[in-house]
Structures are given as structure tokens and as C-alpha cells.
Amino acid sequence: LPPNLYKQTIYLKRWDKEKGEWEHKIPFKKMSSGQKQMLYQLSTLIYHLLNLKSVPETQVKYNNVSIVLDEIEVCFHPEYQRMFIYRLLELLVNRLHLNEAFGIHILMTTHSPFILSDIPNELITYMENGHQLTKEEQEDRKMRKPMAGNISELLHQSFFLHDGFIGEYARRKILSLVK
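Residues numbered from 1 in each chain as written. Predicted model: local features only at pLDDT ≥ 70, side-chain atom pairs only at ≥ 80, totals over all residues. Heavy atoms only, no water.

> Before we move on, could you go through the packing of aromatic side chains and cite the residues and values that matter?
Two aromatic rings, taken as a pair, are described by how far apart their centres are and by the angle between their planes. Within this structure, the stated rule accounts for two aromatic pairs. Between Phe28 and Tyr40, the aromatic rings sit 5.9 Å apart at their centres with planes inclined by 65°, giving edge-to-face as the arrangement. A residue pair is termed long-range when its members are at least 10 positions apart, and Phe28 in the loop between strand E4 (26–27) and helix H1 (33–53) and Tyr40 in helix H1 qualify at 12 residues. A ring pair is formed by Phe76 and Phe84, whose centres lie 5.7 Å apart and whose planes are at 40°; its orientation type is tilted. Like Phe84, Phe76 is buried. We note Lys36 situated over the ring of Phe28; from NZ or CZ to the ring centre the distance is 5.5 Å. Arg87 extends its terminal NZ or CZ atom over the ring of Tyr80, reaching a point 5.1 Å from the ring centre. (Phe/Tyr/Trp six-rings, centres within 6.5 Å; stacked < 30°, edge-to-face > 60°. Helix = DSSP H or I, 4+ residues; strand = E, 2+ residues; numbered from the N terminus. Buried < 20%, exposed > 50% of the residue type's maximum accessible area, 1.4 Å probe, protein only. Lys NZ or Arg CZ within 6 Å of the ring centre and 35° of its normal.)

Dropping the structure here:
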């Protein structure tokens, strides 16, 4: 990028699915915080992985890379949460083929059923009150596999929403009316 003394604007284009063409230029500064966060996260990961891949064969070569992503959905609109795993894999595997350069191991924490619905059950560890649920506990609760699961069901079973799916204020008002 040019030095800060120059006034600069970065423009991005977005693919319009319906028209099958690129939309007009979108100034980066007008993007939402979630849109920027998505770009920052993905581009930072790609930047570092490409740097690791560029290490010459004569130096220490990385065979495996571990990536830890904590609360990856923070600042994301639900649609961006829903698309995150797809976009990450699309970049790492399909576009840049970084999985051919080294083994990539990703550990994620999330409170998003949208993220969870793209993860196979055998790759998920459920935690409740600092305790890891065993397979028996999951079976006792009749927990369904989250892959391609219904978002409302995932919210209920995977995030332990024991008091329902509405805001606490509204829930208490309804309960007080019932009494």
C-alpha cells in the first residue's frame, strides 16, 4: 500500500449470482464490520500459510500446520457464519491447494449453529459448564448429528438453551401473564 500521506481508497467487487456478473466497485471503508472481519480473517490465514509454503526446500520445511480459531463467528452476520467454512475450505483446498503443501489442522471454538452445521459430528467436542460431554451423555440427550442440521435444533441441543428460544425479558413477561 502507498504511504499514509496519500489519500487512498480500496475497491472490491462482488459477484452477483442472479446477473452472473461482477457488481459495481464497493469501497472497502463502506463495508460492514462483519464483511471486513471476514476479509481480515481469511486473508491473514492465507498470508501466513503462503509464507510457510514459500520456505525453500534447503531450510526447515513445514509438514503440518495447526491453526487455532477462537470464536470465529464474532462480528459475522448469520449469512457470513453460514458461509465461513465453505469459504475457508474453498480458499485453502480448491483455489490455493495449500492442503497439498502440508497437513492443515484447524481447531475452532464457536457458539454458532451455522458453523456447527458444516462440521461432521466425529470432529466436534461438546462442552457444558467446563465439562466435556461423553458419547454416552450425548446419546442420553438424543443429540442429533449437526452436519447439515436444522439451525433451531442445533441451537437447542448443541448450545444447551434449556429455557427456550426467546429473549429472557419476553419469556418472563409471558410467564408473568400466565400466572
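> Requested: an account of the pattern of salt bridges, with residues and values cited.
Applying the stated criterion across every chain yields a total of seven salt bridges. Measuring nitrogen to oxygen at the nearest pair gives 2.7 Å for the salt bridge that ties Arg144 to Glu153. The class of Glu153 is partly exposed, set by a relative accessible area of 37%. Three or more residues joined by partner-sharing salt bridges are found here, namely Glu168, Arg171 and Arg172. (Salt bridge = Lys/Arg side-chain N within 4 Å of Asp/Glu carboxyl O.)

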